[in-house]
Amino acid sequence: MTVYFIGAGPGDPDLITVKGAKLVETCPVVLYAGSLVPKAVIERAQPDARVYDSASMDLDQITQVYTDAHANGEDVARVQTGDLSIYSSLAEQTRRLDALGIDWQVVPGVSSFQAAAAALGQELTLPEACQTIILSRASGRTPVPDKENLRSLARHEATLCLFLSATLIRKVVRELSDVYPPHWPVCVVEKASHPQQRILRGTLADIAEKMQAANIRSTAMIIVSKVFAIEDFVDSKLYDPAFSHACRKARVVEPAPDHEGEGDESR
Ligand code: SAH
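As recorded in an unreviewed UniProt entry, the protein goes by Precorrin-4 C(11)-methyltransferase and comes from Vibrio quintilis. Per UniProt, the protein has the following entry under Pathway (unreviewed entry): "Cofactor biosynthesis; adenosylcobalamin biosynthesis." In its Sequence similarities (unreviewed entry) section, UniProt records this for the protein: "Belongs to the precorrin methyltransferase family."

Some points on the overall build of the protein
On a plain count of helices and strands, the protein comes out with eight helices and 10 strands. Once the C-alpha set of the protein is aligned to its principal axes, its extents read approximately 65 × 50 × 35 Å. Expressed as a percentage of the 267 residues in the protein, the buried residues total 45%. The contacts of the protein with a sequence gap of at least 6 include a subset with a gap of at least 24, amounting to 65%. Taken as a whole, the protein presents about 14500 Å² of accessible surface, with 50% of it coming from carbon and sulfur. If you average the places of the 27 positive and of the 35 negative side-chain charges in the protein, the two averages end up 5 Å apart.

Some words on the environment of R141
Mapped onto the elements, R141 comes out in the loop between β6 (133-137) and α6 (150-154). By relative accessible area, which is 89% here, R141 ends up exposed. On a C-alpha basis, the gap between R141 and T219 in space is 17 Å, while along the polypeptide they are 78 residues apart.

Some words on the site of the ligand
Taken together, 17 residues lie near the ligand, and P10, I86, S112, A192 and A220 sit nearest. D83 places a main-chain nitrogen or oxygen 2.9 Å from a nitrogen atom of the ligand. Contact distances for the ligand include 2.9 Å between an oxygen atom and a side-chain N or O atom of S111. In isolation the ligand offers 550 Å² of accessible surface; the protein chains occlude 94% of this area.

Focus: unusual backbone geometry
Although it is not a glycine, N215 adopts a positive phi angle of roughly 55°. Looking at the secondary structure, you find N215 in the loop between α8 (207-214) and β10 (220-224).

Procedures and definitions
Residues numbered from 1 in each chain as written. Predicted model: local features only at pLDDT ≥ 70, side-chain atom pairs only at ≥ 80, totals over all residues. Heavy atoms only, no water. UniProt positions renumbered as here; feature names shortened; annotations may be inferred. Helix = DSSP H or I, 4+ residues; strand = E, 2+ residues; numbered from the N terminus. Buried < 20%, exposed > 50% of the residue type's maximum accessible area, 1.4 Å probe, protein only. Contact = heavy atoms within 4.5 Å. Areas by Shrake-Rupley, 256 points an atom, 1.4 Å probe, with all protein chains shown as cover. Lys, Arg positive; Asp, Glu negative; His and termini not counted. Charge placed at Lys NZ, Arg CZ, Asp CG, Glu CD. Near = heavy atom within 4 Å. Polar contact = N/O pair within 3.5 Å; in protein donor to acceptor, adjacent residues only side chain to side chain.

What follows is the structure, encoded as structure tokens:
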């Protein structure tokens, strides 16, 4: 018997992985986070599967579902939003399962920051201009370690994807404005990949007003990045005719190499 933690993706029921969908279709017990996991994902379950919504449960009650299924020798599909590696409470659940000697596995999902980037049609890394993505959140009722404060993260000028921060947008803008000029680009995607998806494009100077006017308060990804304003980035090495890598030989004479450029590193 195994508890399968399955990333359901950001909302569009077609964005669960094939592996995750097959498990939902076959597990006799399905436990899903009803606040964000779409019903269409759960409708894949067997007609006689026992399906529970964890939205109103606490950790003890959730653990009880696992314990009961374990006693019956039944696999559990535990379906949660996006990917399990980010703000999912996976760790506290698996700690309990380990203590109980119950096996578990994780099936990855499409995270909401990826769905937001897709909605924006935006590569979040641009050759030589920005090569790092930071996934974080503003500190509010849930504290964030002081060393991870937004001002210090902003100093890297990496693409900054903020989860769980829509109601804290004014605080976000205040802290980032200590580091960035007012015209620094900010995009917000509400309900990325849902039919009700909305996109706001703005700057540090106007994004809080735009969010307020649109009444966006939850299920929103805030992406702060210069990539939205950079048009004159260089082409990548990946398709550079003068660059050889594991899958392709250069067609034109290569300039003196300044790095290794092998396989995946050619991007
Ligand atoms: N594990 C999830 C994140 C859970 S935390 C993941 O990988 O996406 C919940 C936060 O995720 C929300 O506050 C919001 O910031 C973001 N989020 C979840 N679904 C979203 C969606 N469809 N569109 C935009 N943001 C979303």
